[in-house]
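Read off the chains here:
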Amino acid sequence: MKVKVHIRIKLIIAVLAVTAIVFWTSVAFLSKRVDRFARTNIYEYIDATSKAYTNQIKGEFDKQFALARSMTYNFYDIDQRNSEDIKLNTIRLLKNTAESNPDFLSVWTSWELWVLDKKWDKPFGRERYTYLKENNELKQIVERLNETGDNTSSLYFKLKTEKRESLVDPYWYTYTGSQKKVLETSVCVPLVVNNKFAALFGFDIELSVYQEMIRKLKPYEGSFAILISNNGTVVAHPDSTLLGALADTILVNGKQILEAIASNGKYSEIIQIGKDKYYLTFNSFSAGKASEKWSLGIFVPENIINQQIASITGQVRVVMIIGLIVLAIVIWIIAFSITSPLVKATRILGELSLGKIDPAKKIDIKTGDEIEDIASSINILIDSLYKTSQFAKEIGKGNLQAKYSKLSDEDVLGDALLEMRKSLEYAKKIDEERKLEEAKNKWYNEGMAKFAEILRHNTSNLSDFAYEAIRNLTKYVDATIGAVFLVNKDNPNDIYLELMATYAYERRKYEEKIIRMGEGLVGRCAQEAETIYMTEIPKGYIKIASGLGEDEPTVLLLVPMKINDEVHGVIEIASFEPIEDYKIKFIEKIGESFAATISSVKINIRTAKLLEESRIKSEELASQEEEMRQNMEELQATQEESARKSAEMESLINALHSSSYVIEYDLNGNIISVNEAYLNLTGQTEKDIVGTHHADNLEMTSEQKNAYQRFWQDLRNGMIKKETSKVKIGGKTYTFIETYSPILDENRRVVKILKIAHNITDFIDESSEGKTKKK
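Conventions adopted
- Residues numbered from 1 in each chain as written.
- Predicted model: local features only at pLDDT ≥ 70, side-chain atom pairs only at ≥ 80, totals over all residues.
- Heavy atoms only, no water.
- Helix = DSSP H or I, 4+ residues; strand = E, 2+ residues; numbered from the N terminus.
- Polar contact = N/O pair within 3.5 Å; in protein donor to acceptor, adjacent residues only side chain to side chain.
- Contact = heavy atoms within 4.5 Å.
- Pairing = 2+ DSSP bridges.
- Axes fitted to C-alpha atoms, helices over the stretch in contact; angles between N-to-C directions.
- Buried < 20%, exposed > 50% of the residue type's maximum accessible area, 1.4 Å probe, protein only.
- Salt bridge = Lys/Arg side-chain N within 4 Å of Asp/Glu carboxyl O.
- Phe/Tyr/Trp six-rings, centres within 6.5 Å; stacked < 30°, edge-to-face > 60°.
- Lys NZ or Arg CZ within 6 Å of the ring centre and 35° of its normal.
- Core = buried A, V, L, I, M, F, W, Y, C linked by side-chain atoms within 4.5 Å.
- Patch = residues over 30% accessible without salt bridge, like charges linked within 9 Å, V, L, I, M, F, W, Y side chains within 5 Å.
- Areas by Shrake-Rupley, 256 points an atom, 1.4 Å probe, with all protein chains shown as cover.

Another aspect to go through is the side chain of E738. Of note, E738 is situated in strand β25 (residues 732-744). At a separation of 3.4 Å, a polar atom in the side chain of E738 contacts the side chain of K755. With residues near it in sequence (within four places) discarded, E738 still touches E625, K721, K722, E723, S725, K755, I756 and A757.

Structure follows, in structure tokens:
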């Protein structure tokens with residue numbers, strides 16, 4: 001028996017069946033698309049976060065390499081310096097660097113011995129200078145190493161041979177006075193002169209700062225990060241007990257992961273840790289010019305990622321299921337009046353379920369009842385899906401500013417799309433900030449290198465140095481005008497600031513001007529030793545003129561040039577545009593370099609002045625010695641004629657012996673007599689000295705060694721010689737101005753040599769102490 005079913009029932013059953021299929025197909029289709037899209041977006045966000053923090057860590061190391069590299073720039077002229085100058089400048093540079101960077105565990109330099117000792121002809125041996133913190137105090141250590149040969153298995157020998165920069169693999173170290181073991185690394189930069197390894201400069205840096213950074217790096221709940229060095233050592237890990245361990249011993253498939261990172265520079269994979277799966281992403285970096293690569297890895301639990309994706313797809317399913325239920329109820333109520341419009345609506349919905357979204361196929365029904373509302377709803381759905389597809393296309397093209405309006409406050413799909421755009425905008429913002437920071441770091445490092453070169457070539461004349469410095473600095477920071485004032489301390493009772501150079505002033509605003517300490521903005525800056533930055537300049541303070549007229553700058557920057565809390569001058573910069581903070585910090589850092597160079601130039605000038613005074617005094621003493629020698633010869637010539645003058649002669653000789661150091665030599669340079677004044681000075685006895693040779697205990701320069709035989713031959717030929725000599729006796733070095741006079745017999749033949757000497761050791765020491773204090 002055939003069962004008769006009303007068209008209404010058939011319609012309801014058919015529509016419900018088709019609608020159910022359409023909805024479930026849409027749910028499955030959209031769920032997969034949303035799942036895949038959300039998962040890809042989350043993975044890309046995790047990768048971007050890893051890359052951003054990797055660049056941040058790289059930037060920190062790049063700054064440290066730039067600082068170490070700037071230290072080497074001070075010694076590219078070592079072939080023009082003596083060993084004492086190299087040692088003094090090394091100690092000063094290391095101390096200043098250690099004081100300016102209190103976070104460094106130690107600052108050190110290892111010089112090859114051939115640089116410091118011109119006699120050293122071996123390819124090994126070095127002298128290491130170190131400043132380190134011990135019991136919160138800065139300690140200096142000088143060590144002489146590898147004098148019998150280099151350790152070919154040491155890192156130093158490897159860097160010496162390869163002549164390259166290096167970021168040393170982490171190692172544990174315990175400092176004197178502390179029982180705490182410190183995980184640290186070393187930044188190493190070689191000094192290579194004429195393709196020959198001369199020295200290694202570097203710092204020891206504690207790695208605990210990256211431990212704190214890693215602990216805070218959690219892009220998702222339950223995620224964590226680790227930092228691994230070039231040799232696979234764990235540098236930072238949420239579990240501090242794993243610090244210093246090898247990554248391949250704590251990671252699943254650790255060896256394969258490290259090999260992939262070394263080969264490709266990055267690595268991403270889903271791995272199993274215990275009972276849980278994690279999405280793992282690694283990014284590597286190389287700091288400075290070093291070849292070693294360190295890596296940052298982020299681990300995110302897959303269950304957290306799946307929860308977020310499930311939340312989005314679940315909401316989509318709920319919305320569609322609710323729509324299906326509502327639609328079934330409406331169909332049941334209005335089944336009699338919706339047959340024809342429903343067929344049309346079903347056809348459109350079928351197309352929509354297949355992803356065919358065409359605004360031209362909207363339903364045009366004017367029944368004036370619920371059928372018309374259904375048609376209107378379908379039209380709204382078409383518009384919404386079309387707008388959503390267009391929005392997705394714009395996002396795919398990279399247009400993150402594309403407009404999109406939600407259907408309502410409860411539009412889950414709209415919220416998900418807007419949240420996706422927000423995530424992409426955030427990733428783009430991070431990338432732009434990273435590029436800006438990299439540009440600033442590059443600008444800073446290039447500036448430090450540029451001015452290190454300028455300072456190295458302008459150290460003899462303060463005026464030329466000041467002009468070159470302010471000219472280049474004004475241009476480099478994109479300012480308009482600049483000036484340099486230096487502190488004049490020639491009169492300790494009248495210290496003032498003196499204008500040394502200006503750049504781009506429309507007239508000599510400060511020509512021949514002297515500014516007292518504390519007077520005006522410049523004087524106040526020098527007295528307080530603090531930077532002054534003004535965006536409201538006193539009216540008429542500075543004017544800038546051009547062919548189009550004149551105007552006043554909008555900002556003014558005054559930076560003290562100070563080192564070791566001593567102000568050597570003030571830099572004045574004015575501009576029409578605001579000066580950014582990183583440029584102000586750069587100018588302050590350059591001010592310290594300027595101060596160090598000014599201090600060095602002043603010391604050089606003072607040293608030249610002292611040497612000139614020493615030369616004049618030496619000539620005066622030599623003139624007095626010559627006059628005394630002539631008197632002795634005249635006394636000897638007239639001795640036979642006037643016996644009554646013998647007492648006077650004896651008095652003159654006694655006076656000579658009491659005011660000078662007198663030694664007699666035979667023609668072979670052996671001492672035959674010495675006066676009491678010399679014995680008292682050196683603390684020796686006549687027995688210790690008589691019979692010794694002139695060259696014993698004598699410190700000679702290379703030039704004196706080459707001319708030594710000629711020196712004695714000239715004396716034997718009757719020539720008078722004058723010398724300034726250094727003699728080392730009992731661990732103490734004496735400096736003498738000496739006159740050597742041949743003594744003739746009655747036949748005018750040279751029979752012995754008389755030396756009259758004056759001790760100038762104290763005068764030389766006072767000059768050295770003054771130089772040291774200036775430094």
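That was the structure; now back to the text.
Before going further, it helps to spend a moment on the sheet that holds strand β12 (residues 294-301). On the basis of which strands lie adjacent, the open sheet formed by 5 strands has the order β9-β8-β12-β11-β10 and antiparallel pairing. The open sheet has two edge strands with one neighbour each: β9 (234-236) and β10 (266-273). This sheet shows a mean twist of 30 degrees between the axes of neighbouring strands, independent of strand direction. Pairing between strand β11 (residues 276-285) and β12: 8 bridges, direction antiparallel.

A word on the sheet that holds strand β16 (residues 532-534). In space, the 6 strands of this open sheet follow the order β15-β14-β13-β20-β19-β16, with antiparallel pairing throughout. Looking along the sheet, the strands with just one partner apiece sit at the ends: β15 (514-516) and β16. Within the sheet, the average angular offset between the axes of one strand and its neighbour, ignoring direction, is 25 degrees. Its contacts with the sheet put helix α12 (residues 462-476) on β13 (481-488), β14 (496-503) and β20 (566-575), and the angle it makes with β14 is roughly 55 degrees. Across the sheet, helix α13 (residues 520-528) lies against β13, β14, β15, β16, β19 (555-563) and β20, angled at about 35 degrees from β19, the strand it touches most.

Moving on: unusual backbone geometry. We note that N146 has phi near 55 degrees; this positive angle belongs to a residue other than glycine. Relative to the elements of secondary structure, N146 occurs in the loop between β3 (137-145) and α4 (155-162). With a phi close to 65 degrees, N697 is a non-glycine residue in the positive phi region. You can see N697 is positioned in the loop between α17 (686-689) and β23 (698-699).

Right, let's talk about the side chain of N101 for a bit. Structurally, N101 can be placed in the loop between α2 (83-100) and β1 (104-112). According to the relative accessible area criterion, N101 is buried, its value standing at 18%. From its side chain, N101 meets the backbone oxygen of T97 in a polar contact 2.9 Å long.

Turning our eyes to something else, we now look at the pattern of salt bridges. According to the stated counting rule, one finds 28 salt bridges in the structure shown. The partner of R81 in a salt bridge is D77, with the nearest N and O atoms 3.1 Å apart. Both residues of the pair, R81 and D77, count as buried. E626 is the salt-bridge partner of R629, the closest N and O atoms lying 2.7 Å from each other. Of this pair, R629 and E626 both sit in helix α14 (residues 581-637), separated by 3 residues, roughly a single helical turn. For R629, a relative accessible area of 11% puts it in the buried group. Taken together, the shared-partner salt bridges in this structure form one network comprising D77, R81 and D85.

The full count for this structure, using the stated rule, is 32 aromatic pairs. Three or more aromatic residues joined by ring pairs form one cluster here, namely W443, Y444, F451, F465, Y476, Y582, F586 and F594. Lying over the aromatic face of W120, K122 brings its terminal NZ or CZ to 4.7 Å of the ring centre. Here the guanidinium or amino end of R126 rests over the ring plane of Y156, the centre of that ring lying 4.0 Å away.

Turning to the nonpolar core, a few remarks are in order. Core analysis: the largest hydrophobic core is formed by 56 residues, its most contacted members being F61, W111 and L227. Residue contributions to this core peak at 10 residues, all from helix α1 (residues 7-73). Residues within four places of L227 in sequence aside, it is in contact with I57, Y210, I214, T233, V234, V235, A236, F285, W294, S295 and L296. Counting 35 residues, the second-largest nonpolar core is a separate cluster that includes L473, L486, I571 and I579.

Once that is clear, we can look at a nonpolar patch on the surface. Nonpolar side chains collect at one region of the surface, where W24, I321, I325 and I329 lie side by side and expose about 390 Å² of accessible area between them. Mapping I329 onto the fold places it in helix α8 (residues 302-333).

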